[in-house]
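Working through the structure, step by step
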Amino acid sequence: MAEVVRRSAFRLFSPSLNSPRCWDTEGAVDRSFPAAAMSANGYRDYFKVLGVERGADADAIKKAFRKLARQYHPDVNPGDKGAEAKFKEVSEAYEVLSDPDKRRRYEQFGQYWSQAGAGPGPGGVDVDFGRYGNFDDFVNDLLGRFGGPGGGAGGFQGGGFGGAPGGFGGFGSGFPGGFGSGGFAGAPGRQAAPVNLDAEASINLTFSEAFRGCERTLAVNDERVQVRIPAGVKPGSRLRLKGKGNLQPGTGRRGDLYLTLQVQDHPVWTLDGDQLKADLPLSLDELALGGEVRVATPDGEATVTVPPAMAVGRSLRLKGKGWPVKGGRGDLLLSLSLKQPARYSDQERQLLEQLRAARSSDPRADWISAARL
């Protein structure tokens, strides 16, 4: 994971008109940012700050804030005081417009909106970048503190670690949604929707590992986790690792990690439900005359008796020699198949010629009769 630069904590102050500002935006106007956001009398047009229409819905406001927060974040613009001031300004605008009650009072009373009701106190909220592993974590926590709607948790699969040197990496991962149960000071009792912090991953196992069980060491959010996989797991099985999922910044809450097990194919064995299957190759004389033959099982070699005149496709069942199941082992099914040599010897050909001459029945007589339409 790329090193993360820890910036000193700064304070995002609530937009109370009764408290002094702790930042100054004059002399640092970005031409891509609305220049008329503040009027001469000090009224700050939060809609223009975010670049949205006055009738914009919550999703449009949230989308605009995410875009601008990325653009003006101090770690994306190191040493740029203007960008830092813009970042604080869009954060202030989002705090007001994302809260239905604050937005209603803002639209009704304009610059006196905070005096028309119980506005946030002057203390504001401390934001310390040292608590966050990447930029997405910070903005997700910020959205949660401002009462933004919750969303899916990111950070395990493809989510934003590493990358940009000297700052927060993984900007291409997007914003998975707002974390937190938030509210600014002065707005007690606000509770965001629960956040799904569970994560998912896949593990590939060999057929032998799935049959016998194994242990794997995984790297989960910079933590090494030992996973014991029991014997007899099947393709698509899921294991749950409690408390090893995504971490919600600012709360310490952590979800679970679900592992989906993928099992590689085997050249001999196949699994059908609880039954282990394989083809058993036999010679022509073994199929015709039967007898004892040597076979393979998951536990090693064994000897089985093949009855005479067995048809290709019939199966021999070996009880308790199959796949591990609860309370024991399933059955092993060996399907009979004819294995012919690449070339018969002269003696074998002579014997086959004698067999053909001595054959007493037509193997296709009933088949031809039944095939008539």
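Moving on to the packing of aromatic side chains. Taken as a whole, this structure holds five aromatic pairs when the rule is applied. Here the aromatic rings of Phe 207 and Trp 323 are separated by 5.2 Å at their centres, their planes lie at 65°, and the arrangement is edge-to-face. With Phe 207 in helix H6 (residues 207-212) and Trp 323 in the loop between strand E12 (315-318) and strand E13 (324-325), this residue pair connects regions lying 116 residues apart in the sequence. For Phe 207, a relative accessible area of 11% puts it in the buried group. Members of the aromatic cluster, connected to one another through ring pairs, are Tyr 46, Phe 47 and Tyr 106.

One non-glycine residue, Ala 309, adopts positive backbone phi at about 55°. Along the polypeptide, Ala 309 turns up in the loop between strand E11 (300-306) and E12. On the basis of relative accessibility, which here comes to 66%, the residue Ala 309 falls in the exposed class.

With that settled, consider helix H2 (residues 58-72). The end-to-end C-alpha separation of H2 is 21 Å, in line with the 21 Å expected for 15 residues at 1.5 Å each. Within H2, burial applies to Ile 61, Lys 62, Ala 64, Phe 65, Arg 66, Leu 68, Ala 69, Arg 70 and Tyr 72.

The rules behind the values
- Residues numbered from 1 in each chain as written.
- Predicted model: local features only at pLDDT ≥ 70, side-chain atom pairs only at ≥ 80, totals over all residues.
- Heavy atoms only, no water.
- Phe/Tyr/Trp six-rings, centres within 6.5 Å; stacked < 30°, edge-to-face > 60°.
- Helix = DSSP H or I, 4+ residues; strand = E, 2+ residues; numbered from the N terminus.
- Buried < 20%, exposed > 50% of the residue type's maximum accessible area, 1.4 Å probe, protein only.
- Expected span 1.5 Å × (residues − 1).

The analysis is restricted to geometry; functional conclusions fall outside its scope.
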